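# Topology and contacts: notes
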Amino acid sequence: MQNKLSPMRSNLTPMASAVALLVMSVAMQAQAQETEKAAKPKEPQEVVVTGIRASLQQSMNQKRNADTFVEVITAEDIGKMPDKNVADSLQRVPGVSVAAAGGGEGSFGENDRVALRGTPFGLTLTTLNGHSVSSGDWFADNIVGGGRSVSFSLFPSELIGRVTVHKGSQANLLEGGAEGVVDIETRKPLDFKKQFNAQASIGMVNSENSSKSDPQISGMVAWKNDASTMGILVQGFHQKRTLSRAGQENQIWWDKVDVGSPIDSAIKGAGTANTATSPASGAITNFLGGTAWFEQQRTRQGGLIDFQFKPSNDVNIDVTAFQSHLDAPNINHNFMQSLGRFVGPSWATTGFPSSAITGTLSQGVISQLNVGNPAGCIPCSGMSSAVQEIFSRPIAESQSQFFNIDGSVRVNDRFTLSGKLGTTKGLGNTVSGAMGIWMPWTGGSYTINGTDKAVTYVTPGADKFSIGGFNNGAPGTPGAPYTYGSHVTANDKEDYAQIDGVYKTDLTSIPTVRFGFRAAEHKRELSSIGVNALPGLSNAANLPMSGLTAFPGIFNDLGANGAGYWTFSQSAVNAWLSQYTNYSGHLLQNEFTIKEPTQSAYVMADFGGEGFSGNFGVRVARTSEEVTRNEIGPSGNFEPKTYKNSYVDFLPSANFRLDVTKDIVARFGVSRTMARPELGQMAGLDLRDVQGTGNGGNPNLKPIRANTVDLGVEWYFAPKSMVSADLFYSALDGYVTYGASTGTFYNQIQKKNTVYAMSTPINTQAEVKGLELSYIQALPAGFGINANYTYTLGKETGQAPGSKCGDVLAPDCTLIGTSKNAYNLGVFYEDSKFSARLTYSYRSGFLNGTSRNSAAYQNDIGTLSATLAYQISDNFSISLDGKDLNNPLVSSVTKTPGAADLPASLYKNGRQIFLTLHAKM
């Protein structure tokens, strides 16, 4: 099934697989060199400063000399920490926030998204070597709703030479990042001092929760000719990781108790024994929630090839090809209690005796619920205390690739032309299917213990397989197995071409004028195919009983029920799905195509004098949007409908840098920037058929424009040492929030068109402001310290009708992604042989997303990482890295107007330990 349904597979696997041979080659070359050295008399050798301190100095030098607000991370920064992708390193930069997921799906133990200054990911543009780069997602919700924010899981740290974070803006930066640009730069073959360079790493990662060790292999070879006029660089990587995540998901379905339902009748009539002061109808209870065990095998592989040709100092041509493929099949075992669903809404159960129900009503929430299993209960035969939904994704993959040609020619001493021509593609592809099994009614209870602790679910019989009760509308025996799912694929592509010019003038105050033009066409296509049940699926006798297994003991560490609950193995579920389901029939309402041609031009002048410098200019960008999606027409059938919009943006900017003294630099920047809305926000559709809710796109969304002011000062008080402070303010016009609406869509469970309560993206206004502080110092005896702190205030100011901020009774104007407080604390030690580094990164809670009824906030989180490295010889070193050493709890809370906060989700991925042998020559 995988080969048939996967539209794109990696063709760089041989490169990654060959890295192991490279390790052997480096080892043999190193041994030969050691033998040759032993035979020769010792000669004075050049001392080259490398390591953590040299990296800090290099980064600070580039920051100090820049005319704009930038942060720089070099390859050594990345290599000296357990940074397995670029986002891991960026989280330690002031003003940068990261998340280990693209949405509300929870953490997967690897940082995946990057945002600047407490704003949503889509407001930060990520480029690679200065050009755009497409990527994909393997998680269906992100495939549907995303499209612009880059998944950093596809970019391993081994590829990187330098990362520059542009917090301010200037006219020659590519538009699309309202809050800034992150530019990832790869190494170039002609940049190396030696004619031949080779590096390789071979190691393993041990994931605590899965108790498995997986290989981590990467390598690079760079060569240039004697004249340094031609060179080639080849890099490859092949990295695996086995994830086992303990989780509790309570946010699946909180809903209100119906008038006259068994819960309403029981708790309203409980008399003095009930401490509630208001009736239970309208109070929130848990309809579905419980234990979630997620398993995933991640394999990231790919590589980069760079050919550079420089026949003279006046001509340079660079051709780069890159591909990264993440294969991430997974399964989520969901054992969900369903007491509230059957005794809370009157449409589910009408004859259950209220005398068998007790509970506690507090602040509009049923915080504790006990439901019995009375003898002779007639409606109990059609009820279920719990449901097991094992959601498998036998295919879950994402991919990023590009082909780029860079060229420059110096026409004369005054004038230089350069340009880029290329294409980039991204893929997100997921095949998903559920094995759903309802259990007989046994009664049970749940108790809410606070927003940062697990809910206590008690479901009698959860440790023994059973089936019965509710039949989900399927024919046959009560409790008949059922399925749902889809095959979702997003193909993202951009073709681009640009030309830039640099002209040196005779003016002392304005020595350089820069200008350029760029044209691109972006296209995104999303297809969605439904899963169909074949004969035999609803027959319980066809369940793969030989694959019956149990939830692991890692749930005890989470403080949640679940260890020992019954479930089926991933292989058993996949075999059952393969035999009793197929994928056919397009889900037309989910599919869309977006075409987005853009053109931009800029002019910028550099200025300077004694002790000051800067630039000013303007960029003009024109964007056309053509969104085609399927909507229900007058006939009641789906018909394609196209929306067309276009807009022009004038984006001026000015940056000033002043050397107050030889050690103190002051900066000021002002700019207008823009970001185009997420592609999925314009056309995506994500429905919850049982709940009757969903998120739908708005094809008429406008871009987000930002007017930004930056003010900062830096004091370089000693070598490899710096203290800095930056103030920033950004007014966002067109910020995307979510408003409430209704819409009619096809319900796959009910098999008919139904009305849904929808959350729809709309434009509004917002602002973000804050302070960034940074301190770096190299101390005596090889020690050093680095720390930074970011204070951010973000809020919506537009109060758009139907949005949370526009709620008259309980307005919530929190900006998505804004952590009020974030800090990083790090210490390091380094000598000629040994180095060690310890870092703690923290960010306070932030709004993760909104829906029709509530808002989801992620709670505070802090992570501890460390690395130990030993230089065995000039050619070999070994490192021991620890990631998430404090085994952090990733938790979230649901906030609903008029009710107490509710625990949403809790996850623990466990610690990760990396042991790696590095070789170079």
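Quick caveat, the model's predicted, so the values are computed rather than measured.

## Points about the overall build of the chain
- Broken down by element type, the chain carries twelve helices and 43 strands.
- Relative to the 2.2 N^0.38 estimate, which gives 29 Å for 921 residues, the radius of gyration of the chain is 29 Å and therefore close to what a compact globule would have.
- C-alpha extents for the chain along the principal axes are approximately 95 × 60 × 50 Å.
- By the burial criterion, 57% of the 921 residues in the chain qualify as buried.
- The long-range fraction of contacts in the chain, counting pairs at least 24 apart against all pairs at least 6 apart in sequence, stands at 74%.
- Within the structure as shown, the chain displays about 35800 Å² of accessible surface, and the carbon and sulfur contribution to it stands at 56%.

## Observations regarding the pairing of strand β30 (residues 693-696)
- Pairing between strand β29 (residues 685-688) and β30: four bridges, direction antiparallel. The partner of leucine 687 across the bridge, within β30, is glycine 694.
- Where β29 folds back onto β30 in an antiparallel hairpin, the turn is made up of four residues, including glycine 692, whose phi is positive at roughly 75°.
- Pairing between β30 and strand β33 (residues 752-778): three bridges, direction parallel. Among the inter-strand pairings, asparagine 695 is bridged to a residue of β33, identified as serine 759.

## Quick word on the packing of aromatic side chains
- Taken as a whole and judged by the stated rule, the model has 35 aromatic pairs.
- Of the aromatic side chains, those joined through ring pairs into one cluster are Trp293, Phe335, Phe465, Phe551, Phe555, Tyr565, Trp566 and Phe568.
- Over the ring of tyrosine 907 we find arginine 245, and its NZ or CZ is 3.9 Å from the ring centre.
- Sitting over the face of the ring of tyrosine 857, lysine 895 holds its NZ or CZ atom 5.3 Å from the ring centroid.

## Quick notes on unusual backbone geometry
- Even without glycine at this site, serine 228 takes up a positive phi of about 55°.
- Following the sequence through the fold, serine 228 ends up in the loop between β9 (212-224) and β10 (230-256).
- A residue is classified by how much of its surface remains accessible, and serine 228, at 30% relative accessible area, is partly exposed.
- The phi torsion at lysine 720 lies on the positive side, around 60°, for a residue other than glycine.

## Thoughts on empty space enclosed by the protein
- Counted under the stated rule, the structure contains nine cavities of 30 Å³ or more.
- One number sums up the size of the largest cavity: a volume of about 420 Å³.
- Among the elements of the structure, β4 (124-128), β20 (485-504), β21 (512-533) and β25 (592-609) are those that each provide at least two residues to the lining of the largest cavity.
- For the lining of the largest cavity, the class distribution of residues is six nonpolar, twelve polar and ten charged.
- Computed from the structure, the second largest cavity encloses a volume of approximately 360 Å³.
- Forming the boundary of the second largest cavity are 21 residues, of which Leu56, Val72, Arg92, Val93 and Ile776 lie nearest the centre.

## Thoughts on the side chain of glutamate 179
- Its place among the elements puts glutamate 179 in the loop between β6 (160-166) and β7 (180-186).
- No salt bridge is formed by the buried glutamate 179; its nearest oppositely charged neighbour, arginine 117, is found at 5.5 Å.
- At 2.7 Å, the side chain of glutamate 179 forms a polar contact with the side chain of serine 730.
- Residues within four places of glutamate 179 in sequence aside, it is in contact with Leu116, Arg117, Thr119, Leu123, Lys167, Ala706, Ser730, Leu732 and Val768.

## Overview of the nonpolar core
- The biggest cluster of nonpolar side chains holds 37 residues, and the ones touching the most others in it are Val86, Leu90, Val96, Val114, Trp138, Phe152 and Phe155.
- Sequence-distant contacts of phenylalanine 152, that is, excluding residues within four places in its chain, are made with Asn85, Val86, Ala87, Leu90, Asn111, Asp112, Val114, Thr126 and Ile184.
- Core analysis: the next-biggest nonpolar cluster, separate from the first, contains 36 residues, Phe342, Val343, Val371 and Trp441 among them.

## Some points on helix α11 (residues 570-580)
- Looking at α11, one finds that the buried residues are Ala572, Val573, Trp576, Leu577 and Tyr580. Considered in projection along α11, the buried side chains sweep an arc of 130° and stay on one side of the axis. Away from the buried face of α11 by more than 90 degrees, exposed residues Ser571 and Gln579 are located.
- Where α11 is buried, its residues touch β13 (330-337), β16 (386-410), β17 (415-438), β21, β23 (566-568) and β24 (581-586).

## Section: the state of the cysteines
- Evaluation of the coordinates by the stated rule reveals two disulfides.
- With a sulfur-sulfur separation of 2.1 Å, cysteine 377 is cross-linked through a disulfide to cysteine 380. Classification of the bridge connecting cysteine 377 and cysteine 380 rests on its S-S torsion, roughly 85°, and on that basis the disulfide is right-handed.
- Residue cysteine 380 is classed as buried on the basis of its relative accessible area, which comes to 9%.
- Disulfide connectivity for the chain, with bonded cysteines indexed by sequence position, reads 1-2, 3-4.

## Quick look at the confidence of the model for the chain
- When pLDDT is averaged across the chain, the result is 88; 91% of the residues are at 70 or more.
- Confidence drops under pLDDT 50 across residues 8-49; counting only partners more than four residues distant or on other chains, this segment forms 57 contacts.
- Counting contacts from residues 270-278, a segment whose pLDDT is below 50, to residues more than four positions away or on other chains yields six contacts.

## What to know about the sheet that holds β6
- Ordered by their spatial adjacency, five strands build an open sheet running β1-β6-β7-β4-β5, and the pairing between neighbours is mixed. Two strands lie at the open edges of the sheet, namely β1 (70-74) and β5 (131-132), each paired on one side alone.
- In the sheet, β6 pairs with β7 via six bridges, with the strands oriented antiparallel. From the neighbouring strand, threonine 164 faces β7, where its bridge partner is aspartate 183.

## Re the pairing of strand β8 (residues 196-207)
- In the sheet, β8 pairs with β9 via twelve bridges, with the strands oriented antiparallel. Note on β9: the bridge partner recorded for phenylalanine 196 is tryptophan 223.
- Between β8 and the antiparallel strand that follows it, β9, lie four residues; serine 211 among them carries a positive phi value of about 55°.

## Quick word on the pattern of salt bridges
- If you walk through the whole model with that rule in mind, you get 38 salt bridges.
- A salt bridge links aspartate 606 to arginine 514, with the nearest nitrogen and oxygen atoms 2.8 Å apart. Separated by 92 residues along the polypeptide, aspartate 606 in strand β25 and arginine 514 in strand β21 bring together distant segments of the chain.
- Judged by relative accessible area, aspartate 606 falls into the buried class, the value being 12%.
- Under the relative-accessibility criterion, arginine 514 is labelled partly exposed at 26%.
- Across the pair glutamate 626 and lysine 644 runs a salt bridge, and its minimum N-O distance is 3.9 Å. Residue glutamate 626 is located in strand β26 (residues 612-632), and its partner lysine 644 is located in strand β27 (residues 638-659); the two are separated by 18 residues in the primary sequence.
- Of the residues examined, glutamate 626 reaches a relative accessible area of 27% and is grouped as partly exposed.
- In the salt-bridge network here, residues are joined through shared partners; they are Lys63, Glu71, Arg117, Lys167, Arg667, Asp710, Glu714 and Glu772.

## What about the environment of threonine 744?
- Examined against the element boundaries, threonine 744 turns out to sit in strand β32 (residues 721-747).
- On the basis of relative accessibility, which here comes to 43%, the residue threonine 744 falls in the partly exposed class.
- The spacing of threonine 744 and phenylalanine 846 is 102 residues in sequence and 32 Å in space, taken between C-alpha atoms.

## Overview of a nonpolar patch on the surface
- There is a patch of nonpolar side chains on the surface, built from Phe196, Trp223, Ile232, Val234, Ile305, Phe307, Phe309, Ile317, Phe403, Ile405 and Leu421 and spanning about 850 Å² of accessible area.
- Only β10, β11 (284-312) and β16 provide two or more residues apiece to the nonpolar patch.
- It is β11 that contributes the most residues to the nonpolar patch, three residues altogether.
- Following the sequence through the fold, tryptophan 223 ends up in strand β9.
- On the accessibility criterion, tryptophan 223 (33% relative accessible area) is partly exposed.

## With respect to the environment of serine 741
- Along the chain, the position of serine 741 falls in strand β32.
- Residues serine 741 and valine 768, spaced 27 residues apart in sequence, show a C-alpha to C-alpha distance of 27 Å.
- Looking at serine 741, its side chain comes within polar contact range of the side chain of threonine 760, at 2.9 Å.

## Here's the deal with the environment of asparagine 582
- Counting through the fold element by element, asparagine 582 comes out in strand β24.
- When the C-alpha positions of asparagine 582 and alanine 533 are compared, they lie 6.9 Å apart, and in sequence the two are 49 residues distant.
- Residues within four places of asparagine 582 in sequence aside, it is in contact with Gly530, Val531, Asn532 and Leu534.

So, how was this worked out
- Residues numbered from 1 in each chain as written.
- Predicted model: local features only at pLDDT ≥ 70, side-chain atom pairs only at ≥ 80, totals over all residues.
- Heavy atoms only, no water.
- Helix = DSSP H or I, 4+ residues; strand = E, 2+ residues; numbered from the N terminus.
- Rg over C-alpha atoms; globule rule 2.2 N^0.38 Å.
- Buried < 20%, exposed > 50% of the residue type's maximum accessible area, 1.4 Å probe, protein only.
- Contact = heavy atoms within 4.5 Å.
- Areas by Shrake-Rupley, 256 points an atom, 1.4 Å probe, with all protein chains shown as cover.
- Pairing = 2+ DSSP bridges.
- Phe/Tyr/Trp six-rings, centres within 6.5 Å; stacked < 30°, edge-to-face > 60°.
- Lys NZ or Arg CZ within 6 Å of the ring centre and 35° of its normal.
- 1 Å grid on protein atoms, 1.4 Å probe; cavity = no way out; pocket = protein on both sides within 12 Å on 5 of 7 lines; lining within 4 Å.
- Points joined across faces, edges and corners; volume = space filled by probe spheres on them.
- Nonpolar A, V, L, I, M, F, W, Y, C, P; charged D, E, K, R; others polar.
- Lys, Arg positive; Asp, Glu negative; His and termini not counted.
- Salt bridge = Lys/Arg side-chain N within 4 Å of Asp/Glu carboxyl O.
- Polar contact = N/O pair within 3.5 Å; in protein donor to acceptor, adjacent residues only side chain to side chain.
- Core = buried A, V, L, I, M, F, W, Y, C linked by side-chain atoms within 4.5 Å.
- Arc of directions from axis to C-beta.
- Disulfide = S-S within 2.5 Å.
- pLDDT = per-residue confidence, 0-100.
- Patch = residues over 30% accessible without salt bridge, like charges linked within 9 Å, V, L, I, M, F, W, Y side chains within 5 Å.

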